[in-house]
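The lines below spell out each chain.
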Amino acid sequence: MWVLVLTNPAGKTRQIPFEGDQLVLGRSRSADVTVEDPRMSRMHLRFARGPKGSLTVEDLGAANGVYVQGQRIGAAPQAVSVGDQIQFGDCRVVVAAPVSAYAPGLSQASLPAVAASAGSGALVPWVLFTPSDGRSHVIAGPTVVGRSLGADVSLDHPSVSRRHAMLAPLPNGQLRVEDAGGTNGTFVEGERVDSEQMIKVESSIVFGEFVGVLKPQQPMRRLPIRLPKMNRDLGQKLMVGLLAFLGLLLLIKGPKAPKRMAWEDRRVTVESSLSEARALQTSGAWQEAVPVVGTALAADPLNQEARQLKLQLEREIKAQREFIEGIAAFDTGDYDRALNSFSAIPVGTKHYPESQEKRATAQDRLLNQYRERAERACRGSRWKTCQSEACTYLAYDHSEALVRLLASAESNLARRAGFQRCNTLKARSEDDPKVRKRKEALTRIYPDARLRQAMEHYASGRLSQASRELSNVLVDSRRRSLQGQASSLRHDVQRVEGYIKRIREIERSGDLMMALRQWGLIRKVDKELLQGQVVSEVLIDTRAILTTFLIKRSAQRLDQKRFKESLSDLTTAWRVDPRNVGVSSAVEKLAAEAPDEVAKMALSLLARKPAAARENSPNPGSPSP
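Heads up: these notes are all about the structure in this document. The structure displayed is predicted, hence computed values, not measured ones.

One pass over the structure, following the stated rule, counts two aromatic pairs. Summarising the aromatic geometry, the rings of Phe323 and Phe342 are spaced 6.0 Å apart at their centres and angled 55 degrees between planes, so their arrangement reads as tilted. With Phe323 in helix α4 (residues 304–331) and Phe342 in helix α5 (residues 335–343), this residue pair connects regions lying 19 residues apart in the sequence. Of the two residues, Phe323 and Phe342, neither departs from the other in class, the shared state being buried.

Dropping the structure here:
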């Protein structure tokens, strides 16, 4: 049969012989072995005997699970062997060697060696003393010695195997030493133990290179004192008087306070830590409350109340940080930064109501700044700045005056290379077919409203707002099912932001190959996010940056008479944006000024128009009106 060594939450150990086909442990009285542990289920786990005498353990659906050698097991039976440690609730079971009913603690292979002493009485404990650390280990039953933490005696030495040797005391006072497959061997008094060896007296033992001493534990000896014979009646009276005296002492002293179990100590620690953390939260000391909640989680990592309180404290700390940064930016007149900080404050926090008031004020002042800069730029004929400021204003609020300024600026910019119209007014129009088509596609891709709103920001080119919206989904405890997808989407949006930042540096660095690589990565991520069903403003804006740079550099090389290099830039720009009017105009100019060889190549590039552009162009063979 097998022997299971059970350690309960109070630290008490007992041996459970396993002779049948299965053994169920749990908190219920109906279990084969009842264990008083509040963290255990009524029917927690089951040990079963395999077809060839092997031993398996099975989780019966316990809430707190079953762990074998520190790893949680599933519903399928898990095979265990001698020395394995099974953890459940606050209890632990260590599997000892299969034993015989005639000689407890011995394997069936060792029965012939102790047949004569099978019925001689209880086991005589031995002591393993290790001089290196000065510790003494009592060998009261079958004991596994090895380097593994699951061994009964764990020796931290590189020469010791995980399961090195097996020590088993016998009823006749001897100790059986069995080599359990240690790589470096087991030696008793300098002789190697091949299979097993019996020890009668104190002996030295070496596990690999780790030295120990085995000696029998001496029982208490009776004192050689003979009491005189006493009258039976007198002895009874003395016994009654002694018992009465002891009872009186117990009444005076009172009952001893019961010793608390380990799980009760942890419960007290968790409750006191949570009470202290709530008091600190009420007073606004959120930073000081976080380590207090950490103490509660260290005592009970699965406590949901402590986890929820920690999330609330982190949200309050973030809200306080954003509020302080927003106030500082507001006081210095940086209303754009202040608006972003106030918008990042989570709903339900202490600073949220006041931040919304400050946010409205910051937005009004920011819009006034956009209006003033747009009007000033238009008066000075700085049309690009006028368009940018007016477009930014209209993204927040609608104004007929700003619409007129934007129309005036775009009419003056329409003939410039790389010109892009402001899409703010188009995005505001619900009747625009492109807007409707984009919303329908995003609804099919992202059924959830929060994720769809974030992807609408991304498709419109507002990457920071998309990232902020996804961050709000991540901290919303009601959206746990979406947090994995939201985290992946936010990571992709942040990657796109980094790629665009590197592409914008092309004016300074001139590294075209790097910019084209980033452009390819943006197209790949954009296709993954929108599944190729939506044309995002991210692609349009990035394409405009690349084509504007290439057209500008081509014009410089044309002025320097470097015609082939100029044609190479225009060819790359045509591949990036074949419908760009500025690219076509630059190619026509190059064909007019370059030598015949380069001019022919430029004209052949013009002939390779995209299909849509070719359909819109007049037919060369048709008569002109």
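Back to the write-up after that little detour.
Judged by pairing direction, the sheet is mixed, and its five strands sit side by side in the order β4-β3-β5-β6-β9 without closing on themselves. Among the strands making up the open sheet, the edge pair consists of β4 (33–34) and β9 (78–80). When strand β3 (residues 22–26) meets strand β5 (residues 45–49), the two strands line up antiparallel, connected through four bridges. When the sheet's bridge partners are listed, Leu23 is paired in β5 with Phe47.

Spanning 22 residues, helix α13 (residues 483–504) covers 31 Å between terminal C-alpha atoms, matching the ideal 32 Å at 1.5 Å per step. Of all the residues in α13, the buried ones are Ala486, Leu489, Asp492, Val493, Val496, Tyr499, Ile500 and Ile503. Summarising the axial view, the buried residues of α13 lie within an arc of 145 degrees, below the 170-degree limit, and thus occupy one face. In α13, the exposed positions that point more than 90 degrees away from the buried face belong to Gly484 and Lys501. Where the residues of α13 are buried, they touch α11 (449–459), α12 (463–475), α14 (506–509), α15 (512–530) and α16 (537–559).

A positive phi angle, close to 55 degrees, is found at Gln531, a residue other than glycine. When you line up the elements, Gln531 lands in the loop between α15 and α16. Taking the relative accessible area as the measure of exposure, Gln531 reaches 48% and is therefore partly exposed. Positive phi, close to 65 degrees, is recorded for Lys561, a residue that is not glycine. Within the secondary structure, Lys561 sits in the loop between α16 and α17 (563–576).

Attention shifts here to the nonpolar core. Membership of the largest hydrophobic core comes to 55 residues, with the highest contact counts inside it found for Tyr446, Met455, Tyr458, Leu470, Val493, Leu529 and Leu590. If one sorts the elements of this core by residue count, α16 sits on top with eight residues. Residues contacting Leu470, with those up to four places away along its chain left out, are Leu451, Ala454, Met455, Ala486, Leu489, Arg490 and Val493. Counting residues in hydrophobic clusters, the runner-up holds 30 residues, among them Ala377, Trp383, Ala390 and Leu394.

Let us now look at the pairing of strand β22 (residues 210–216). Where strand β12 (residues 126–130) lies against β22, four bridges are found, and the strand directions are antiparallel. Bridging across to β22, Trp126 finds its partner in Pro216. For strand β21 (residues 203–207) and β22, the ladder comprises five bridges, and the chain directions are antiparallel. Across the sheet, the residue bridging to Val206 is Val211, located in β22. Counting the residues in the hairpin turn of β21 and β22 gives two residues, including Gly208, whose phi is positive at 70 degrees.

Let's shift gears to the pattern of salt bridges. Pairing between side chains becomes possible if they bear opposite charge and their charged atoms approach one another. This model, assessed by the stated rule, comprises 13 salt bridges. Glu178 is the partner of Arg176 in a salt bridge, and the nearest nitrogen-oxygen pair spans 2.4 Å. For Arg495, the salt bridge is made with Asp492, and the minimal N-O distance between the two is 3.1 Å. Of this pair, Arg495 and Asp492 both sit in helix α13, three residues apart, which is roughly one turn of the helix. A residue is classified by how much of its surface remains accessible, and Arg495, at 29% relative accessible area, is partly exposed. A relative accessible area of 10% places Asp492 in the buried class. Residues joined by salt bridges that share partners form a network here, namely Arg553, Arg557, Arg562, Glu565 and Asp569.

Cut-offs and rules
- Residues numbered from 1 in each chain as written.
- Predicted model: local features only at pLDDT ≥ 70, side-chain atom pairs only at ≥ 80, totals over all residues.
- Heavy atoms only, no water.
- Phe/Tyr/Trp six-rings, centres within 6.5 Å; stacked < 30°, edge-to-face > 60°.
- Helix = DSSP H or I, 4+ residues; strand = E, 2+ residues; numbered from the N terminus.
- Buried < 20%, exposed > 50% of the residue type's maximum accessible area, 1.4 Å probe, protein only.
- Pairing = 2+ DSSP bridges.
- Expected span 1.5 Å × (residues − 1).
- Arc of directions from axis to C-beta.
- Contact = heavy atoms within 4.5 Å.
- Core = buried A, V, L, I, M, F, W, Y, C linked by side-chain atoms within 4.5 Å.
- Salt bridge = Lys/Arg side-chain N within 4 Å of Asp/Glu carboxyl O.

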